[in-house]
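# Fold and contact review
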Amino acid sequence: MGSMTGRAGLVTGAASGIGRATAIRAAQEGARVVVSDLELAREPGEETVRLIRDAGGEAHFQACDVSRAEDQDALVAFVLERFGALDFAHNNAGIGGGGELLADVEDEDFDRVIAVNLRGVFLGMKRQIRQMLRGGGGSIVNTASNAGLRGVKRLAPYTAAKHGLVGLTKNAAVEYAEDRIRVNAVAPGTIMTGFARGATPERLAQIMKPQAMQRIGEPEEVAAAVVWLLSDDASFVTGVTLPVDAGSVAGW
Ligand code: NAD
C-alpha cells in the first residue's frame, strides 16, 4: 500500500520538471492521476502519462491553460469523469520572467506572470475546493518558490506572484480546515529543470551560492515533499509553505 492508494487527482504543469516528477511519484504511491499542461505541451504531457502507465499506474492527459477559467472547469470535470472523485491537486504550473528592476518592468509582463502564477492558482483552487467540499475533503499543494518568501532583485512580478500564492495557501487552509481540506505549498530552491539546464557554469555557481548543500536539486526531491504533503502522512499539517531548498532559507 502506497501513501496515495485509492486517491484520485490532478497535477498542472505536469509535462515536465517538478509537475512530471510529482505525477509519477503520486502514481508510484498508488494514486490515479490526471496529467495536465498546455495544449502545446500535449506531447511531453502524454509522455508523462506513458511513463506512469509503463510502471503499472493509471494516468490520463487533459490540456489546461491554468490562466483560463473555462480550462480549469474542464479539468475538474475531466478528473470526475475519469475517476469519479477529486481527492488531491497539485497547482504547479508556472512561468519565469524577469530580468528588469521594478521600475522597468512592462505592465503587460507583470500581468502575464500574475495571470499564470497567481490568478491561475486561485482559479484552480476555487474549483478544486468546491468539488472537495462536495466530496468530503481533500488535499492541495501549490508550488511557490523561495522567491515567495523573500525579495529577489530583477524578479518583481515573479516574487509578487509567489508571495501572493503563499498568502492564498494560508487563507484557504484556515477557511477549509474544518471541512477536512488541507492546503499547503512547497518553496523549491533551484531545481534542475529547463531553467537550470540552460544556465552557464558561472550562472550555476552563482545560483548555488545560497544553497547550503552546494548543489542544484532534482525535481524528484521536490515531488517527494509534495506527495508527503498531499498524503495522510501530513494529516496534521495545513497552511505551511515548506522550503525544499538545500538550506537556502536557513542561511538568509
Ligand atoms: P518547467 O518549465 O519544467 O515546468 C513548468 C510547466 O508548466 C511546463 O510544462 C509548462 O508547459 C507549464 N505551463 C506554463 N504555463 C502554463 C499555463 N498557463 N497553464 C498550464 N501549464 C503551464 O519548470 P519547473 O521548474 O518544473 O516549474 C514548476 C513550478 O516550480 C513553477 O511554478 C515554478 O515557478 C516553480 N519553481 C521552480 C524552481 C526551479 O528552480 N526549477 C524553483 C522554484 C519554483
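First, a word on what this report is: a plain description of the structure on this page. Note that the structure is predicted; figures quoted are calculated from it, not measured.

Thresholds, definitions, all that
Residues numbered from 1 in each chain as written. Predicted model: local features only at pLDDT ≥ 70, side-chain atom pairs only at ≥ 80, totals over all residues. Buried ≥ 20, exposed ≤ 12 C-beta atoms within 10 Å, placed from the backbone. Helix = DSSP H or I, 4+ residues; strand = E, 2+ residues; numbered from the N terminus. Pairing = 2+ DSSP bridges. Core = buried A, V, L, I, M, F, W, Y, C linked by C-beta atoms within 7 Å. Contact = placed C-beta atoms within 7 Å.

Okay, the pairing of strand E6 (residues 181–188) next. Within E6, eight of the eight residues are buried, which leaves the element mostly enclosed by the surrounding structure. Every second residue of E6 is oriented toward a common face, with Ile181, Val183, Ala185 and Ala187 on one face and Arg182, Asn184, Val186 and Pro188 on the other, all of them buried. Of the pairings in the sheet, the one linking strand E5 (residues 138–143) to E6 comprises six bridges and is parallel in character. Looking at the pairing, Gly138 lines up with Ile181 of E6. As paired elements, E6 and strand E7 (residues 241–244) share four bridges and run parallel to each other. Considered in E7, the bridge of Ala187 is made with Pro243.

What follows deals with the nonpolar core. Ala23, Val33, Val35, Val186, Val222 and Val226 are the most contacted members of the largest nonpolar core, which has 66 residues in total. Sorting elements by how many residues they give to this core places helix H5 (residues 156–176) first, with eight residues. Beyond its immediate sequence surroundings of up to four residues, Val33 is in contact with Gly9, Val11, Ala23, Ala26, Ala27, Ile52 and Ala59.

Let us now look at the pairing of strand E1 (residues 8–11). Burial along E1 is two-sided: the residues Ala8 and Leu10 and Gly9 and Val11 are all buried. The sheet contact formed by E1 and strand E2 (residues 32–37) spans four bridges and is parallel. Note that in E2 the partner of Leu10 across the bridge is Val34.

It is worth spelling out the environment of Leu102 at this point. Looking at where Leu102 falls in the secondary structure, it is placed in the loop between strand E4 (88–91) and helix H4 (107–135). For the pair Leu102 and Lys153, spaced 51 residues apart in sequence, the C-alpha separation works out to 8.7 Å.

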